[in-house]
Amino acid sequence: MVQADFPRAPTAGGQYHWVSMLAPMSSQKFLSYITGWLTVLGWQAAFATANFVSSKLIQGLIVMTQPDYDPKPYQHMLLFWAVMAFAVFINVLASTVLPKFEGLILVLHIFGFFAILLPLLVLGDHQDPHQVFGLWLNEGHFPTQGLSFMVGLLGPVFMFLGADGAVHMSEEIQNAPTVVPWSILSSIVINGALAFAMMIATLFITQDLETVLKSPTGYPFMEIFKQATGSTGGATTMASIVTVMQLFANVGLLASCSRMSWSFARDRGLPGYKWLSKVNPRTSIPVTTIIATSIISVLLSLIILGSSTAFNNIVSICVAGLSASYLLAICLLLWRRITGGIRNPLITDSTVTNTPGFDLTWGPWRMPGILGPAVNLFAIAYVLIILFFAFWPPETPVTDTNMNYCVLVTGVVVTFSIIWYLVGGRRDYKGPVVQTLGSQRFVS
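Residues numbered from 1 in each chain as written. Predicted model: local features only at pLDDT ≥ 70, side-chain atom pairs only at ≥ 80, totals over all residues. Heavy atoms only, no water.

A. View of the overall build of the protein chain. From N to C terminus, the protein chain includes 18 helices and 4 strands. A compact globule built from 444 residues should have a C-alpha radius of gyration of about 22 Å, and the protein chain, at 23 Å, falls within 12% of that. Taken over the C-alpha atoms alone, the protein chain extends approximately 70 × 45 × 45 Å along its principal axes. Classification of the 444 residues of the protein chain by burial places 48% in the buried group. In the structure as shown, the protein chain presents an accessible area of about 21000 Å², 69% of it carried by carbon and sulfur atoms. (Helix = DSSP H or I, 4+ residues; strand = E, 2+ residues; numbered from the N terminus. Rg over C-alpha atoms; globule rule 2.2 N^0.38 Å. Buried < 20%, exposed > 50% of the residue type's maximum accessible area, 1.4 Å probe, protein only. Areas by Shrake-Rupley, 256 points an atom, 1.4 Å probe, with all protein chains shown as cover.)

B. Structural view of the pattern of salt bridges. What the rule picks out here adds up to 3 salt bridges. Taking the shortest distance from any N to any O, the salt bridge between Lys72 and Asp70 comes out at 2.9 Å. Here Lys214 and Glu210 are joined by a salt bridge, their closest N and O atoms 3.2 Å apart. A residue is classified by how much of its surface remains accessible, and Glu210, at 53% relative accessible area, is exposed. (Salt bridge = Lys/Arg side-chain N within 4 Å of Asp/Glu carboxyl O.)

C. Structural context of unusual backbone geometry. Look at the link from Thr396 to Pro397: it is a cis peptide, with omega at -5°. Mapped onto the elements, Pro397 comes out in the loop between α17 (371-389) and α18 (406-428). Backbone geometry places Arg268, a non-glycine residue, at a positive phi of 65°. Assignment of secondary structure puts Arg268 in the loop between α11 (232-266) and α12 (273-276). A relative accessible area of 33% means that Arg268 is categorised as partly exposed. We note that Ser284 has phi near 60°; this positive angle belongs to a residue other than glycine. Tracing the backbone through its elements, the reader meets Ser284 in the loop between α12 and α13 (287-301).

Here it is, written out as structure tokens:
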């Protein structure tokens, strides 16, 4: 909701463009630069994590149907490459059908939801409501149940990250100032309602919780499907729907991730920006950043050969990077809001708006009155909590294998971005592009 509320800025830059518009002139360029790096970090980690999950789901399906199968790390890595190649193929070679492909995903998403939910409710034995709403587990062995709950929030939060994906596609969307906010809100409402319903149904039909948590597939929901249906074939079919939907989601993730990286490179914020900012002259697709994103994911996939547990740190990096970028933008939006720094577009005298040095105006979507600041304050508190626990290990006692190295990686990226900014970034990076016309480049 907060992202939909930002002033009119239909560019692929998203958060770092908002920060550039909202920040004081004295810190506008530096803050937007750091936000751009955090957003790139978060999206690169998100795409790598999606490939990891997809390939692990495929291995889980094989384990379910072939109990004697012993999954190897190198097989997981090869499957990682295969599912990534599928996303690259759709984005590069079949880019003209991407909008229709995304529409097909929405249809399959809705039908897939009922194809899973109805068999669970009809065939599964229902548990007592006390087990659903009154049973609390502390599998991480933390000192208190409350602390265990907060650390466990990381997984659900990850599922709702990336709502800014539509923002990074806005330069390819007609009437983006209106369409993008509504797409963000509708996706959150629809997916939130479906996820909540599925979660409650799944909890009610879970029978042997210990067996579920120790499922050889690596995914408890596959064992839940099997317990509910009493059929390996039925459970495999239902789990295949989830796997296919995850494969399709990778396509959209790569599209948004590549546009975000391309936008920041276009604004000269990344090393090698001259190469990364190129687009295919025939399709206008940023093929170069798609290739660069794929290379980064391939390099990250090598972690699987050492430890799949270590790769789980990438989830925390995604949460930390994107949450930090949201936090900067929301804090500045609240500051502008309470100081009256954003005007109604109908009463401004300026012909140039939403650019440093000129008036800021609201877009078509705005939360009026006290509702706006209240939502901003809630969002800031929420993101601060998530950002804090994104750096925690998943369980205790902490060892070198279950340690969360997210704080190290995030710190290294932020430190590198600051050093790069001081060395050459502040000379090259002038802020987000406002308009490109012929050979002229107008910047904020």
